[in-house]
Amino acid sequence: MKGLQIQELTTKIRNIKLLDCVSLEVESGTIMALVGHNGAGKSTLMKTILGMLEKSSGKIIINEKVDQDESFIDFKELISYLPEEPLLLTELTVMQHFQLYGKSYQIEESELLTKVNRLLEGFELRDKLNEYPESLSKGMRQKVQTICALLPDVPILLIDEPFMGLDIYAIEYLETLIREKAQNGTTILLTTHQLDRVKNMAGHYVMLQHGKVLNEGSIEDFDTIKRRSDDDS
Ligand SMILES: Nc1ncnc2c1ncn2[C@@H]1O[C@H](COP(=O)(O)OP(=O)(O)OP(=O)(O)O)[C@@H](O)[C@H]1O
């Protein structure tokens, strides 16, 4: 089954096309790497899927049935998002952030606690539970945001630059968690500038350039394609 289908998606801001007829499909329970130079349109694609940016045309469909146009609330509930920069609220403690996510995604209290405990341990954040974001380091804030995104068990996980600001232990732990999510059936789209890091995780890649799909394929073929396009330029 297709976990995520993007069909001829165009997104414009002030009449400039940031995404130009982008189509891609991600098989359910697999990881797709979205690559491309700075400004290629990777974050714009994620924000359009989330509805943070309005599309001008095209279709976005989850699990071959939930269409963004038809039932936006139902559609949104199926997606969890890890942004490139943490978006934490200054007035909430670390634990309160987790509780907020728990409420938004209707995670049962005891299940939430089990998940939080495991992730706090793995990300070495146990002693920060009652801290506010301002007293955390940048990497710690990123870890909190990462935990928030991993708490819901939803069909789609969008991750914008997963390893930014994380230490090597956290990176390796997050790799394991992302793989685990996919094994449990979550469809994952992640942007990265570190393709080597995701080679053992992602099955396929899509490369964007100037808001269009430049090429796509199996991740093993990526080096060959990149070498060929480098030679051509
Ligand atoms: N709110 C906005 N208003 C106008 N232009 C925007 C806006 N957001 C993004 N853009 C433009 O859209 C293009 C794509 O940006 P986007 O952030 O999607 O790139 P990206 O591939 O995620 O890049 P990076 O690798 O640097 O994160 C860029 O040219 C950028 O200047």
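Each chain has its residues counted from 1, following the order in which its sequence is written. Since the coordinates come from a predicted model, pLDDT governs what is reported: local features require at least 70, and pairs of side-chain atoms require 80 or more to be given and counted, while whole-chain, interface and lining totals use all residues.

A.B. asks: Explain the domain arrangement of the protein here, please?
C.D. replies: You'll often see interface size given as the accessible area lost when the parts meet. Examined at the domain level, the protein breaks down into domain 1 (2-78 + 154-232) and domain 2 (86-152). Spacing between the C-alpha centres of domain 1 and domain 2 amounts to 24 Å. With ten residues of domain 1 in contact, the opposing surface of domain 2 contributes eleven residues. Broken down by element, the side of domain 1 that touches domain 2 gets its largest block of residues, four residues, from helix H6 (residues 168-183). Residues belonging to the side of domain 1 that touches domain 2 are distributed by class as follows: eight nonpolar, one polar and one charged. Here the bounds of each domain stem from an automatic or database domain assignment. Think of it this way: build a C-beta for each residue from its backbone, and any pair within 7 Å is a contact. In this text, helices come from DSSP runs of H or I with a minimum length of four residues, and strands from runs of E with a minimum of two, each type numbered from the N-terminal end. Residue type decides the class: Asp, Glu, Lys and Arg count as charged, Ala, Val, Leu, Ile, Met, Phe, Trp, Tyr, Cys and Pro as nonpolar, and the leftover types, Gly among them, as polar.

A.B. asks: Which parts of the structure should I look at to understand the sheet that holds strand E9 (residues 204-209)?
C.D. replies: Strand pairing in a sheet relies on backbone hydrogen bonds, with the paired strands running either antiparallel or parallel. Here, a strand pair is defined by DSSP locating no fewer than two bridges between the strands. In spatial order, the strands read E6-E7-E8-E3-E9-E10; together these six strands make up an open sheet with mixed pairing. Edge positions in the open sheet fall to strand E6 (79-82) and strand E10 (212-218), since each of these has one partner strand only. Taken pair by pair, the neighbouring strands of this sheet meet at an average axis angle of 15°, ignoring direction. Relative to strand E8 (residues 187-191), strand E3 (residues 31-35) is paired through four bridges, and the arrangement is parallel. Each axis is a line fitted through C-alpha atoms, taken for helices only over the stretch in contact, and angles between the N-to-C directions span 0 to 180 degrees.

A.B. asks: What exactly am I supposed to notice about the environment of Gly102 here?
C.D. replies: Here Gly102 is to be found in helix H3 (residues 94-104). Residue Gly102 is classed as buried on the basis of its C-beta count, with 20 C-beta atoms lying within 10 Å. Put simply, Gly102 and Ile62 are 40 residues apart on the chain and 22 Å apart in space, counted from C-alpha to C-alpha. Each residue touching Gly102, except ones within four places of it in the same chain, is listed here: Ile107, Leu112 and Leu151. Residue burial is a threshold on neighbouring C-beta atoms within 10 Å of the residue's own C-beta, all placed from the backbone, with 20 or more meaning buried, 12 or fewer meaning exposed, and counts in between meaning partly exposed.

A.B. asks: Just checking my understanding: could you explain the nonpolar core for this structure?
C.D. replies: Nonpolar side chains in soluble globular proteins tend to end up buried together. Counting residues in hydrophobic clusters, the biggest one holds 56 residues, and the most contacted among them are Met32, Leu34 and Leu158. When we break this core down by domain, the ones giving at least three residues each are domain 1 (2-78 + 154-232) and domain 2 (86-152). Sequence-distant contacts of Met32, defined by excluding residues within four places in its chain, comprise Val26, Leu189, Ala202, His204, Tyr205 and Val206. The term nonpolar core refers to a set of buried Ala, Val, Leu, Ile, Met, Phe, Trp, Tyr and Cys residues connected through C-beta atoms within 7 Å.

A.B. asks: I would appreciate a short explanation of the sheet that holds strand E2 (residues 16-27) in the present structure.
C.D. replies: Spatially, the four strands line up as an open sheet ordered E2-E1-E4-E5, and their pairing is antiparallel. The sheet terminates laterally at E2 and strand E5 (66-67), the two strands that pair on one side only. Two strands pair when backbone bridges link them, and strand E4 (residues 57-62) and E5 are joined in this way by two bridges, in the antiparallel orientation. Note that in E5 the partner of Ile61 across the bridge is Asp67. In this fold helix H1 (residues 42-50) packs onto strand E1 (2-13), E2 and E4, with an angle of close to 75° to the strand it touches most, E2.

A.B. asks: How should I be thinking about the site of the ligand in this particular structure?
C.D. replies: In the neighbourhood of the ligand, the contacting residues comprise Ile13, Leu18, Gly36, Asn38, Gly39, Ala40, Gly41, Lys42, Ser43 and Thr44. Per element, the largest residue contribution to the shell around the ligand is three residues, and it comes from H1. Each residue belonging to the shell around the ligand can be placed in one class, and the counts come to three nonpolar, six polar and one charged. Whether a residue is near a molecule or strand depends on its C-beta atom, placed from the backbone, lying within 6 Å of it.

A.B. asks: What exactly am I supposed to notice about unusual backbone geometry here?
C.D. replies: Note on backbone geometry: most residues besides glycine have negative phi, and most peptide bonds are trans. A positive phi angle, close to 45°, is found at Arg14, a residue other than glycine. Structurally, the position occupied by Arg14 is in the loop between E1 and E2. Here Arg14 falls in the exposed class, since 5 other C-beta atoms lie within 10 Å of it. In this structure, Glu161 takes a positive phi of about 50° despite not being glycine. By the secondary structure assignment, Glu161 is in the loop between strand E7 (156-160) and H6.

A.B. asks: It is not clear to me how H3 should be interpreted in this structure. Could you clarify?
C.D. replies: Because each turn of an α-helix spans 3.6 residues, side chains separated by three or four positions in sequence point in the same direction. All buried positions along H3 are accounted for by Val94, His97, Phe98, Tyr101 and Gly102. Buried residues of H3, seen end-on, are gathered within an arc of 140° and therefore sit on one face of the element. Tucked inside the fold, the buried residues of H3 contact helix H4 (109-122) and helix H5 (138-150). Positive backbone phi, at 50°, marks Gln106, one or two positions downstream of H3. To be clear, the arc concerns the directions from the helix axis to the C-beta atoms.

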